[in-house]
2 protein chains.
Amino acid sequence: MNNIELTDREKSILRHVIRQFIVTANPVGSRNISKRYNIGLSPASIRNIMADLEDLGLLGHPHTSAGRVPTDRGYRFYVDSLMEPAKLNKKELDYITANLEPDTYETENLLKITSAILSTITNQLACITYPKFDNALLNKIQLVRLSSQRIMVVLTIQSGLVKTITLEINAEIEDDKLMGVEQLLNERLAGLNFQEIRKTFSERIKDGFNTEYKPVMRVFIDSMDKIFDDIKINEKTVISGAKNIIKHPEFGDHEHFQSVIELIEDKDVIVHIMEKNKDISSKDVSIIIGGESEDEKFSDYSLITKEYNIGDINGKLGVIGPKRMEYGKIIAAVVYIAELLTIELKNQKL
Amino acid sequence: MNNIELTDREKSILRHVIRQFIVTANPVGSRNISKRYNIGLSPASIRNIMADLEDLGLLGHPHTSAGRVPTDRGYRFYVDSLMEPAKLNKKELDYITANLEPDTYETENLLKITSAILSTITNQLACITYPKFDNALLNKIQLVRLSSQRIMVVLTIQSGLVKTITLEINAEIEDDKLMGVEQLLNERLAGLNFQEIRKTFSERIKDGFNTEYKPVMRVFIDSMDKIFDDIKINEKTVISGAKNIIKHPEFGDHEHFQSVIELIEDKDVIVHIMEKNKDISSKDVSIIIGGESEDEKFSDYSLITKEYNIGDINGKLGVIGPKRMEYGKIIAAVVYIAELLTIELKNQKL
DNA sequence: AATTAGCACTCTATAAGATGCAGTGCTAAC
DNA sequence: GTTAGCACTGCATCTTATAGAGTGCTAATT
């Protein structure tokens, strides 16, 4: 995909420009580089190289007499070939351990806390999706009678997470019938994943349909989507840290400010971008830079995400910020927290 | 509390100033009023009256040669004595009916949708708290075995709402003991409210403590807070509509922008203010204007809230915006939606 | 006695210059 | 291939000028 060949000197200049721009947020000039790093080249030579890099589409100009600014392609090259990996420092690690205690919270709250931590450490927006139940393996179904006409369906999945759904039934159901249905459902569905159950539910239980259980089964058929459908991710996705991200100089004007608000309130854009590149080997960190997202609204941002796992199910967490972000550091943070979450949640008897 | 006596003429001028300021967001001058409303007074006379109103603390000046601006006291007088009640128009009513269908959602989602609607109609921030379980009357407790060492406690309250908590037990519990405990708990606790249960739990079940149920009972004692404690309101409170509120001219600069973000991300300020005036007859609309909140961070905002009820429990919903808001209209919206929610939720067999 | 016209004054917002600066691109010299 | 030199460009910032909206006070008017 990225078959650009650069000389060592070009790489060095490109790296300096991007590094410098990430730190200062100002277009980087030739003189600046020549002086700051004693690179053994005059500003004029650096200008020539910069011009070449611009021809290659790696750098750009805001206007004639401004310094150079990385393009999306420039960032991409930097991330793929130039950047050296970073590590979290002691202070950051301490902050995480001090604040993240997965076993003390219920899942939803854990997500909020994790997101807040990730955001604080990176000084960007953080987001985290609720784990997807699509691949969840059903351990068992239990039916609890709430009142004469309402039952609660309790689904336990292999990882130990529990999902409950309340069903309305327009008829009195005797206790023994309820237990019969419970047993039937368990026999037919236990061990399967939700996706599979959705596809083959009617088929699997159709013989139970012509028995005394019919009225209850009907309710289950009707509510199947509600019970086994995946959760609506963007309702459960947490995005936090607006107060961090708006301090960056790119959000000085009203327009960009508004764009942050939109990003946070309509989670669809972010969730969609996070979901999109699912075909990319899902264990790795995914990095999406500006226009690569193919979403106009996201063209000023970058997104770094990674999967985390809770037994049989998984979600994603990530960081969103202006393209001018410290990729190395943020990747380290995302990876660290995703892995921490995965390990801790595995140890936890959910 | 507000024993200011004004002449009709003063009232009229004050009303005009506030009305005008609410619409235009610019300090209102004497000439402006004299021309716009043919009030039969020259600018000079109006200036005299304005000066009087300023002495009374109802109006203020941003600087010497600017027009007048309402003070908190001015708004308060307006809201209490000057404003005439407004009604929602057909378009707004239609919008609400088209979007709010309480019986199709689970509670948490319903809150989100309600908040979004309220925000759209008023063009301000909307917020809504999860109903407080403090006064909830316990209907019954059910214990569901999730695995050998985990049980789910299902609490059904009178209104039909259900709360579930998962407990970890460090010992194998036989089925019959579980059922015995369930029965015991129901006998002792059903019909009481959560607050009462919290206070008297150990007392009420202490005789069950020296029986074969001891190990299970111990877990209940230890987890009592988790089970019967009130939900942490600010975790469940929904605030939405930032994209509406930031369009108002008062949020032109960075500082005010940041203040909105803080308000949304740290819900504590809002939740605290909403909770504070609970002693005021809780059925009525509550209006808090700027400094009346006694919170520095809230001094530029007003808050209009009302209670809504789901059977035995209740929450609050409200609108937050700059003090320069259309009080009449927003009160109408808050009242209407709170009542709609209450009625609809009553009809709903939860 | 209340109202109004007139006027000097104040503060702000906006536009228009003026100036400096950072940086480029090109050419010619090294 | 590299660098010095130079003309040029666009932006940011500061200053200054100007217009406008509004006040407060005083004196005239009703």
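Please read all numbers here as calculations on a predicted model, not as lab measurements.

Novice: Got a sec to walk through the overall build of chain A? Specific residues and values, please.
Specialist: Within chain A one finds 14 helices and 10 strands. In terms of C-alpha radius of gyration, chain A reaches 26 Å, well past the compact-globule figure of 20 Å for 350 residues. Once the C-alpha set of chain A is aligned to its principal axes, its extents read approximately 90 × 40 × 35 Å. Going through the 350 residues of chain A one by one, you find that 53% of them count as buried. Relative to all contacts within chain A whose residues are 6 or more apart in sequence, the contacts with residues 24 or more apart total 62%. As presented, chain A carries roughly 16300 Å² of accessible surface, and 48% of it is formed by carbon and sulfur atoms.

Novice: With reference to specific residues and values, describe the side chain of Gln124 of chain A.
Specialist: For Gln124 of chain A, the location among the structural elements is in the loop between α6 (107-122) and β3 (125-128). What Gln124 of chain A contacts, discounting residues up to four positions off in sequence, is Ser119, Ser240, Gly241, Asn244, Ile245, His248, Val319, Ile320, Gly321, Pro322, Met325 and Ile330 of chain A.

Novice: So what's going on with the protein's contact with DNA strand C? Which residues, and what values?
Specialist: Near DNA strand C, the surroundings consist of 21 residues, among which Ser30 and Arg47 of chain A together with Arg9, Ser45 and Ser65 of chain B are the closest. Here DNA strand C approaches the protein such that, of its atoms within 4 Å, sugar and phosphate make up 68%. Between Ser30 of chain A and DNA strand C, the recorded distance is 2.7 Å, taken from a side-chain N or O atom to a phosphate oxygen. One of the side-chain N or O atoms of Arg9 of chain B is found 2.4 Å from a phosphate oxygen in DNA strand C.

Novice: How would you sum up the interface of chain A and chain B? Please name residues and give values.
Specialist: On the chain B side, the residues contacting the 34 residues of chain A number 34 residues. Buried surface at the junction of chain A and chain B, summed over both partners, amounts to about 2800 Å²; 54% is from carbon and sulfur atoms. When the buried surface of chain A facing chain B is broken down by residue, His254, Ile261 and Glu265 of chain A rank first, second and third, together holding 18% of it. Between the two partners, chain A and chain B, sit 4 salt bridges. When the shortest N-O distance is used, the salt bridge between Glu265 of chain B and Lys243 of chain A registers 3.6 Å. Our count for the chain A to chain B interface comes out at 18 residue pairs in polar contact (both at pLDDT 80 or more). When contributions to the side of chain A that touches chain B are tallied by element, the ones reaching two or more residues are α6, β4 (138-147), β5 (150-157), β6 (162-168), α11 (242-245) and α12 (254-265) of chain A. For the side of chain A that touches chain B, the element with the highest residue contribution is β4 of chain A, accounting for 6 residues.

Novice: If you had to explain the sheet that holds strand β5 (residues 150-157) of chain B to someone new, which residues and values would you point to?
Specialist: Residues and elements named next belong to chain B. Taken in spatial order, the 3 strands of this open sheet run β4-β5-β6, and their pairing is antiparallel. What marks the edges here is a single partner per strand, and that holds for β4 (138-147) and β6 (162-168). Neighbour-to-neighbour, the strand axes of the sheet open up by a mean angle of 20 degrees, direction not taken into account. Direction of pairing for β4 relative to β5: antiparallel, over a ladder of 8 bridges. Of the residues in β5, the one forming a bridge with Leu138 is Ile157. Along the sheet, helix α9 (residues 214-228) contacts β4, β5 and β6; its crossing angle with β6, the most-contacted strand, is approximately 145 degrees.

Novice: Please provide a residue-by-residue account of the domain arrangement of chain A, values included.
Specialist: Residues and elements named next belong to chain A. What the domain assignment reports for chain A is domain 1 (8-82), domain 2 (90-132 + 233-347) and domain 3 (138-228). Taken together, the 6 residues of domain 2 in the interface contact 4 residues of domain 3. For the domain 2 and domain 3 pair, buried surface summed over both sides reaches about 370 Å², with 69% attributable to carbon and sulfur atoms. Looking only at domain 2, the three residues that lose the most surface to domain 3 are Ile310, Asp312 and Ile313, adding up to 75% of its buried area. The interface formed by domain 2 and domain 3 includes 0 salt bridges. Counting across the domain 2 and domain 3 interface gives 2 residue pairs in polar contact (both at pLDDT 80 or more). Of the residues contributing to the side of domain 2 that touches domain 3, the split by class is 3 nonpolar, 2 polar and 1 charged.

Novice: Explain the protein's contact with DNA strand D to me, and be specific about the residues and the numbers.
Specialist: The full set close to DNA strand D counts 21 residues, and Arg9, Ser45 and Ser65 of chain A together with Ser30 and Arg47 of chain B are the nearest of them. Here the atoms of DNA strand D within 4 Å of the protein split so that 72% fall in sugar or phosphate, with bases taking the remainder. In the model, a phosphate oxygen of DNA strand D is placed 3.3 Å from a nitrogen or oxygen of the Arg68 of chain B side chain. Of all the secondary structure elements, the ones that give two or more residues to the surface near DNA strand D are α3 (43-55) of chain A together with α3 (43-55) of chain B. Considering each element in turn, the surface near DNA strand D owes the most residues, 4 residues, to α3 of chain A. Partitioning the surface near DNA strand D into residue classes produces 4 nonpolar, 13 polar and 4 charged.

Novice: Got a sec to walk through the relation of the copies chain A and chain B? Specific residues and values, please.
Specialist: For the pair chain A and chain B, the relating rotation is 180 degrees, the translation along its axis is 0.1 Å, and the fit reaches an RMSD of 0.1 Å. Given the turn and translation reported, the copies of this chain are related as if by a two-fold rotation axis. When the interface residues of chain A are mapped onto chain B, 100% of them again fall at the interface, so both copies present the same face.

Novice: An account of a negative patch on the surface is requested, with residue identities and associated values reported.
Specialist: Taken together, the side chains of Asp253, Glu255, Glu296 and Asp300 of chain A present a region of like negative charge at the surface. With respect to the element layout, Asp253 of chain A can be found in the loop between α11 and α12.

Novice: Could you give an account of the sheet that holds β6 of chain A, naming the residues involved and the relevant values?
Specialist: Residue and element names in this part refer to chain A. Strand order in this open sheet of 3 strands is β4-β5-β6, and the pairing throughout is antiparallel. In this open sheet, the two strands that pair with only one neighbour each are β4 and β6. Averaged over all adjacent pairs, the angle separating strand axes in this sheet is 20 degrees, with direction ignored. With respect to the sheet, helix α9 (residues 214-228) is in contact with β4, β5 and β6, its orientation differing from that of β6 by roughly 145 degrees.

Novice: Can you lay out the pairing of strand β10 (residues 313-322) of chain B for me, pointing to particular residues and giving the numbers?
Specialist: Residues and elements named next belong to chain B. In terms of residue burial, β10 counts as a mostly covered element, since 9 of its 10 residues are buried. Pairing of strand β3 (residues 125-128) with β10, which is carried by 4 bridges, proceeds in the antiparallel orientation. For Cys127, the partnering residue across the bridge sits in β10 and is Gly318. Inspection of the sheet shows strand β9 (residues 301-310) paired to β10 by 10 bridges, in the antiparallel sense. Opposite Ser302, over in β10, you have Gly321 as the bridge partner.

Rules behind the numbers
Residues numbered from 1 in each chain as written. Chains lettered and ligands numbered in written order. Predicted model: local features only at pLDDT ≥ 70, side-chain atom pairs only at ≥ 80, totals over all residues. Heavy atoms only, no water. Helix = DSSP H or I, 4+ residues; strand = E, 2+ residues; numbered from the N terminus. Rg over C-alpha atoms; globule rule 2.2 N^0.38 Å. Buried < 20%, exposed > 50% of the residue type's maximum accessible area, 1.4 Å probe, protein only. Contact = heavy atoms within 4.5 Å. Areas by Shrake-Rupley, 256 points an atom, 1.4 Å probe, with all protein chains shown as cover. Near = heavy atom within 4 Å. Polar contact = N/O pair within 3.5 Å; in protein donor to acceptor, adjacent residues only side chain to side chain. Buried area = accessible area lost by both parts, 1.4 Å probe. Salt bridge = Lys/Arg side-chain N within 4 Å of Asp/Glu carboxyl O. Pairing = 2+ DSSP bridges. Axes fitted to C-alpha atoms, helices over the stretch in contact; angles between N-to-C directions. Domains from an automatic or database assignment. Nonpolar A, V, L, I, M, F, W, Y, C, P; charged D, E, K, R; others polar. Least-squares fit on C-alpha atoms with pLDDT ≥ 70 in both. Patch = residues over 30% accessible without salt bridge, like charges linked within 9 Å, V, L, I, M, F, W, Y side chains within 5 Å. Lys, Arg positive; Asp, Glu negative; His and termini not counted. Charge placed at Lys NZ, Arg CZ, Asp CG, Glu CD.

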